[in-house]
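Close look at the chain arrangement
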Amino acid sequence: MGILCVFGLAEIIVYLAKVTPFARRSVYLPPCPDTSPTLVGLVMSNQSEQVPTLLEERFSFLKPGGDYHPPDCTAQQRTAIIIPYRDRWIHLHILLYNLIPFLVRQQASFTIFVIELALPTTFNRALLLNVGVLESLKRDNYTCFIFHDVDLIPLDDHNLYRCGSSPRHLAVGINKFRYRLPYGTYFGGASALSRDQVFRINGNSNLYFGWGGEDDDSFYRTRRANMTVVRYPVQLARYDMIRHAPDKGNEVNPKTCV
């Protein structure tokens, strides 16, 4: 298994594998259907601590660099999963244990990027998302970007990780909020934007150090770009947040209104 990581905003290193250029398919495969036949619906999240070497064995079907294509059809989109990361080693592997099978069942063509700000810098989620977009486009022609917190586990694979004509907020109902949307402009946790939508809003603000505020800023950027954020029904877009204490180095941003 190879999950591409970007550390220190510049240096690209590889976690668990050596990166090699992507091999282009030479065999024709039919388009994947709109609804994957392998979806199973609602599942329980597994929050047990995972051993990295066992994950490598479990997901040995991934290509170098954390890349996956459905074996029997051509996915509708090329998707980059961008995970902003800071000192959450255990959470990262729990997420991968749950997220990779979720994406495979959706017949997604994806690469997972883990983007870390060099310590001891205070966490800046939005800045890392911007880095993830720019670095991923150096590797492949991604058409869809999923911005995904490291501590959120999707529960229902009918919550499709795809981009559409409007930006989509994915994490509608989180257990922390009793599986309800906390407020109407909430845009945090997980979201899906096409490449065009990301550049129309000029990415995310680089100014929010610490917890909170950057997701609200991104929501209003979509409005200023004359786009409407859409959501799946809360019954589908449900997530479990991995239990954790407050992070040192990710304290609440004193200027946030959240």
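Residues numbered from 1 in each chain as written. Predicted model: local features only at pLDDT ≥ 70, side-chain atom pairs only at ≥ 80, totals over all residues. Heavy atoms only, no water.

If you check an unreviewed UniProt entry, the protein appears there as Beta-1,4-N-acetylgalactosaminyltransferase bre-4 from Batillaria attramentaria. The annotation that UniProt attaches to the protein under Sequence similarities (unreviewed entry) is "Belongs to the glycosyltransferase 7 family." In UniProt, the protein has this text filed under Subcellular location (unreviewed entry): "Membrane". (UniProt positions renumbered as here; feature names shortened; annotations may be inferred.)

1. Focus: the pattern of salt bridges
Tallied over the entire structure, the rule returns eight salt bridges. Across the salt bridge formed by Asp67 and Arg78, the nearest N and O atoms sit 2.4 Å from each other. A residue pair is termed long-range when its members are at least 10 positions apart, and Asp67 in strand S3 (residues 67–68) and Arg78 in strand S4 (residues 78–85) qualify at 11 residues. Across the pair Arg78 and Asp140 runs a salt bridge, and its minimum N-O distance is 2.8 Å. Of this pair, Arg78 sits in strand S4 while Asp140 sits in the loop between helix H3 (125–136) and strand S6 (144–148); the two residues are 62 residues apart in sequence, bridging distant segments of the chain. Here the two residues Arg78 and Asp140 agree in accessibility, since each one is buried. (Salt bridge = Lys/Arg side-chain N within 4 Å of Asp/Glu carboxyl O. Helix = DSSP H or I, 4+ residues; strand = E, 2+ residues; numbered from the N terminus. Buried < 20%, exposed > 50% of the residue type's maximum accessible area, 1.4 Å probe, protein only.)

2. Observations concerning the nonpolar core
When a protein is soluble and globular, its nonpolar side chains tend to lie buried together. Residues Ile81, Phe110, Ile112, Tyr161, Leu170 and Tyr239 are the most contacted members of the largest nonpolar core, which totals 37 residues. Within the residue set of this core, elements represented by two or more residues are S4, helix H2 (89–105), strand S5 (109–116), S6, strand S10 (190–194) and strand S12 (238–241). Looking at which element gives the most residues to this core, the answer is H2, with seven residues. Beyond its immediate sequence surroundings of up to four residues, Ile81 is in contact with Leu99, Leu103, Phe110, Thr111, Ile112, Phe113, Ile146, His148 and Tyr161. Among the nonpolar cores identified, the runner-up in size contains 22 residues, and Leu129, Ile201, Ala225 and Val229 belong to it. (Core = buried A, V, L, I, M, F, W, Y, C linked by side-chain atoms within 4.5 Å. Contact = heavy atoms within 4.5 Å.)

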